[in-house]
Amino acid sequence: GNSYASEIKYVSIDSLVSNFQYYARLLQDFFIGIPYPYYKVVYKITIPLAIAGAAWRYKLYYPAIIYIILSFILYIIYPYKVNLRFLIPILPFYISFVLFGLEGLCNRMVVLKEQIRKPLCYLPVVLVILFFGFNVYGQNNAYVNLKKIKNDEGLLGPTAQEMYAF
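Attention in this report is confined to the structure presented alongside it.

Each value, and the rule that gives it
- Residues numbered from 1 in each chain as written.
- Predicted model: local features only at pLDDT ≥ 70, side-chain atom pairs only at ≥ 80, totals over all residues.
- Heavy atoms only, no water.
- Core = buried A, V, L, I, M, F, W, Y, C linked by side-chain atoms within 4.5 Å.
- Buried < 20%, exposed > 50% of the residue type's maximum accessible area, 1.4 Å probe, protein only.
- Helix = DSSP H or I, 4+ residues; strand = E, 2+ residues; numbered from the N terminus.
- Patch = residues over 30% accessible without salt bridge, like charges linked within 9 Å, V, L, I, M, F, W, Y side chains within 5 Å.
- Areas by Shrake-Rupley, 256 points an atom, 1.4 Å probe, with all protein chains shown as cover.
- Salt bridge = Lys/Arg side-chain N within 4 Å of Asp/Glu carboxyl O.
- Expected span 1.5 Å × (residues − 1).
- Phe/Tyr/Trp six-rings, centres within 6.5 Å; stacked < 30°, edge-to-face > 60°.

**Considering the nonpolar core**
Thinking step 1. In this structure, Tyr-23, Leu-27, Phe-31, Leu-87, Tyr-94 and Phe-97 are the most contacted members of the largest nonpolar core, which totals 26 residues.
Thinking step 2. Among the elements that take part in this core, helix H4 (residues 91-108) stands out by supplying 7 residues, more than any other.

In structure tokens, the structure reads:
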């Protein structure tokens, strides 16, 4: 039979490096809801926060950390590239480690007064939630506008519908 194990013969140093770079870039696509080029900046800021959050909470969350590491190793070793949906099981852990990292950073900013420190710490989270909210709102408006288009126009016309009516 044909199994995934038989694909190991296609693994090379080039495929490992290529897959590592691909999945590092692919994770930033999760932040595409944030306007360009800011989503790249947000992603790059979250990387050290996630690493710091994982380091500060490794005793409590070591199974999650092991799961994330083994998943990435599997994705990097598998010679073919897959899409963002394979990273979805990792994203809740990534986000929680980012929040833990942000919390740890805020707790270490003792130089600032409490009145300034708390809003400053919550600001990045609020901004990301707002950007995602606006993105969802925009997608919903696009869907509503698509529904308003008459069926005899463009891609939704009778010819297109007839072509795919099996």
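**Here's the deal with a nonpolar patch on the surface**
Thinking step 1. Together, Ile-8, Tyr-62, Ile-66, Ile-69, Leu-70, Ile-73 and Ile-77 make up a nonpolar patch on the protein surface, roughly 650 Å² of accessible area in all.
Thinking step 2. Looking at the secondary structure, you find Tyr-62 in helix H3 (residues 58-77).

**Details of helix H2 (residues 38-56)**
Thinking step 1. Between its terminal C-alpha atoms H2 stretches 27 Å, which fits the 27 Å expected from 19 residues at 1.5 Å a residue.
Thinking step 2. Taken together, the buried positions of H2 are Tyr-39, Val-42, Tyr-43, Thr-46, Leu-49, Ala-50, Ala-52, Gly-53 and Ala-54.

**Side note on the packing of aromatic side chains**
Thinking step 1. Counted according to the given criterion, the structure contains 7 aromatic pairs.
Thinking step 2. When the ring of Tyr-22 is compared with that of Tyr-23, the centres are 5.0 Å apart and the planes differ by 75°; the resulting orientation is edge-to-face.
Thinking step 3. Its relative accessible area of 2% is what places Tyr-23 among the buried residues.
Thinking step 4. Ring geometry for Tyr-61 and Phe-100: centres 5.2 Å apart, planes at 40°, overall tilted. Taken as a pair, Tyr-61 in helix H3 and Phe-100 in helix H4 lie far apart in primary sequence, 39 residues in all.

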